[in-house]
Amino acid sequence: MARPLRLPRLLRSLRSLRARSAAAAGLAAAAAFTAGAFWLSHSLYDSQLDDAKTAAQARLDVAVADMRTGRIPASGLLGGDRTYALVLDSGRLLEVSPDLEPFRAQVAAQLTPLPQGEQVSRTLTLGAPATGTASRLAHHALPLYGQSAGGISGYSIQSGFGEPDRGERTVTAYLVVPPWDAERVQESVQRLLLVAGPFAVLLVAAIAWAVTAQAMRRVEAIRAQMASITAQHLDRRVPVPPTADEIANLATTTNQTLEKLDHAVTAQRRFVADASHELRSPLAGLRTSLEVALTHPDRTDWPTVVRAARADTVRLQHLADDLLLLARPPVAAPAHHTRVELTDLARDVAAELPHGTSRITVHADRPLEVPGNAAQLHRLLRNLLENALRHAADRVTVTLTEDHGPDGHWAVLEVLDDGPGIPAPDRERVFAPFTRLDEARTRDTGGAGLGLAIARDLATRHHGTLTLADSPTGARFLLRLPLPAHPARTP
């Protein structure tokens, strides 16, 4: 039993990209084939007609030359596929071919004698009372060639309509070229094209269907693999076809995107694990101290326990704030844009830090104002200066300069300490969350390892950069923030 036709599936197939591509290719092929067939048909017609005109003119030249020698009578020019007419210099029509006989009066009215040796090309138009084979000549613009033959004497022209001409006369011979041969060739070509045209259009549509189907199979393989990728299988990649085309580029870009997503998810998982570890330690210590105090309430110094619990709670609160800040989108425009003067901000932050006034020196040629969020920039500088004080042996130097380079105008803030410095392999690693180098792994001196990560994140939010540069001694941080288009300059 035949399977029933599934109409919805058929309709989906007709709406598919393959069907649309095949239809578009078929329509384009039909238009191109029709235009080409029209051009070819008319070109062949014109070519055949031109060949017939050339052959007729050559025959007329030979006939006129023979007439001068008296070797060919006028009646020898008549017959065949071409028709001829002879006219004496007086304008009297001597002879006409049988096909033109029904049109004798019209022919005689349109033919005129020519001066000796002259040639002419014109069009002969015939009316329609004719029937039979002569009717083919009616309503046609027929090419007509004329040439005069002078010095004809004796009986060189044999005519059934006049007496032999005994003196030298000038005779004009006219030749008509009907387009029968050209029309036959044109009709043959048109029949051939009428049969071959639909097959050519179907062939082009079939090729377009096959090529598109091949491309869609590759796209479907990419789609199927993408559908199978989950959060637990981000290591999978889509197949890249061995063709250097757009689909291969799509597959390569998709794999690159999956690679970035895999790295992002891995970094997120690592971040969550590190955050959980950082939160677990103070929570465990807080719980332990409270449980011990509750176990021996009569021997517990409750004010001391409460102060320790408060300190741990404050540390947890700060850690939660830092994690929330890092969890925001990494590139976000700073809110509440104002002009922030970096020199004054650096001095204010230094004054807030323990021993900051005596250990931190700020140098600036002139005030530098940058657009941004004052609270976020304050947090950025505080993190940088706290890190520098933590590792400096004695002094921290802050220098503010202005850089006008090919990439724009920048305010550059340099923080240099006289500590042991940071090895070159670790200069990028220190900006990762929860990173502590060997010298700063304790909670008391090293914190949670979020300060520099937050500082770089805030610099990025302000469309700037924070990097570590080479220095003969200590660590040298460079903060670059974009200056406004027209910065306010003070004299």
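Refer to the structure above for everything that follows.
A short tour of the structure in this document, coming up. Within each chain, residue numbers correspond to sequence positions counted from 1 in written order. Under the rules for a predicted model, residues below a pLDDT of 70 receive no local features and side-chain atom pairs below 80 are neither given nor counted, while totals for whole chains, interfaces and linings still include all residues. The side-chain values count all of the structure's non-hydrogen atoms but skip hydrogen atoms and water molecules.

**Observations concerning the packing of helix α9 (residues 374-391) against helix α11 (residues 451-461)**
For any two helices packed against each other, one specifies the inter-axial angle together with the distance between the axes.
1) Next: Where α9 meets α11, the closest approach of the two axes is 9 Å, and the angle between their N-to-C directions is 145°. The two elements α9 and α11 meet at a crossing, and its hand is left-handed. Only Gly451, Leu452, Ile454, Ala455, Leu458, Ala459 and Arg461 of α11 make contact with α9, whose side of the interface consists of Gln376, Arg379, Leu380, Asn383, Leu384 and Asn387. Lines are fitted to the C-alpha atoms to define the axes, a helix being fitted only along its stretch in contact, and any angle between axes, read from their N-to-C directions, falls within 0 to 180 degrees. Elements are defined by DSSP. Helices are runs of H or I of four residues or more, strands are runs of E of two residues or more, and each kind is numbered from the N terminus. Crossings are assigned a handedness: left-handed for a near helix turned anticlockwise from the far helix by less than a right angle, right-handed for a clockwise turn. Pairs of residues are marked as contacts when any of their non-hydrogen atoms sit within 4.5 Å.

**Some thoughts on the nonpolar core**
1) Next: In this structure, Ile360, Leu380, Val398, Val415 and Phe477 are the most contacted members of the largest nonpolar core, which totals 46 residues.
2) Next: In terms of residue count, α9 provides more of this core than any other element does, seven residues in total.
3) Next: Here, the term nonpolar core denotes a set of buried Ala, Val, Leu, Ile, Met, Phe, Trp, Tyr and Cys residues that are joined through side-chain atoms within 4.5 Å. Type-normalised accessible area, obtained with a 1.4 Å probe on protein chains alone, sets the label of each residue: buried when under 20%, exposed when over 50%, and partly exposed for intermediate values. Of all hydrophobic cores here, the second largest spans 15 residues; its members include Val96, Leu100, Val120 and Tyr174.

**Some thoughts on the pairing of strand β9 (residues 396-405)**
1) Next: Strand pairing follows a simple DSSP-based rule, namely that at least 2 bridges must link the two strands. Relative to β9, strand β7 (residues 360-364) is paired through five bridges, and the arrangement is parallel. Each residue of the ladder has a partner; that of Val362, found in β9, is Val398.
2) Next: As paired elements, β9 and strand β10 (residues 408-417) share ten bridges and run antiparallel to each other. Residue pairing in the sheet places Val398 in a bridge with Val415 of β10.
3) Next: In this antiparallel pair of consecutive strands, β9 and β10, the connection spans two residues.

**Details of α11**
1) Next: Counting buried positions over the eleven residues of α11 gives eight, a clear majority of the element.
2) Next: Residues of α11 that are buried: Leu452, Ala453, Ile454, Ala455, Asp457, Leu458, Ala459 and Arg461.
3) Next: Note on α11: the residue one or two positions beyond its end, His463, has a positive phi of about 60°.

**Some details on a nonpolar patch on the surface**
1) Next: A contiguous nonpolar surface patch, about 370 Å² in accessible area, is contributed by Leu194, Val195 and Phe199.
2) Next: Given a relative accessible area of 52%, Val195 falls into the exposed group. Like charges are joined within 9 Å and nonpolar side chains (Val, Leu, Ile, Met, Phe, Trp, Tyr) within 5 Å, but only among residues with over 30% relative accessible area and no salt bridge; these make up the patches. Throughout, the Shrake-Rupley method with a 1.4 Å probe supplies accessible areas, and for residues the shown protein chains are the sole cover considered. Salt bridges are counted wherever a side-chain nitrogen of Lys or Arg sits within 4 Å of a carboxyl oxygen of Asp or Glu.

**Notes on the pattern of salt bridges**
1) Next: All told, the structure shown has 14 salt bridges when counted by the stated rule.
2) Next: Among the ionic pairs, Asp403 bridges to Arg480, the shortest N-O distance being 3.0 Å. Of this pair, Asp403 sits in strand β9 while Arg480 is found in strand β12 (residues 476-482), placing the two residues 77 residues apart along the sequence.
3) Next: By relative accessible area, which is 28% here, Asp403 ends up partly exposed.

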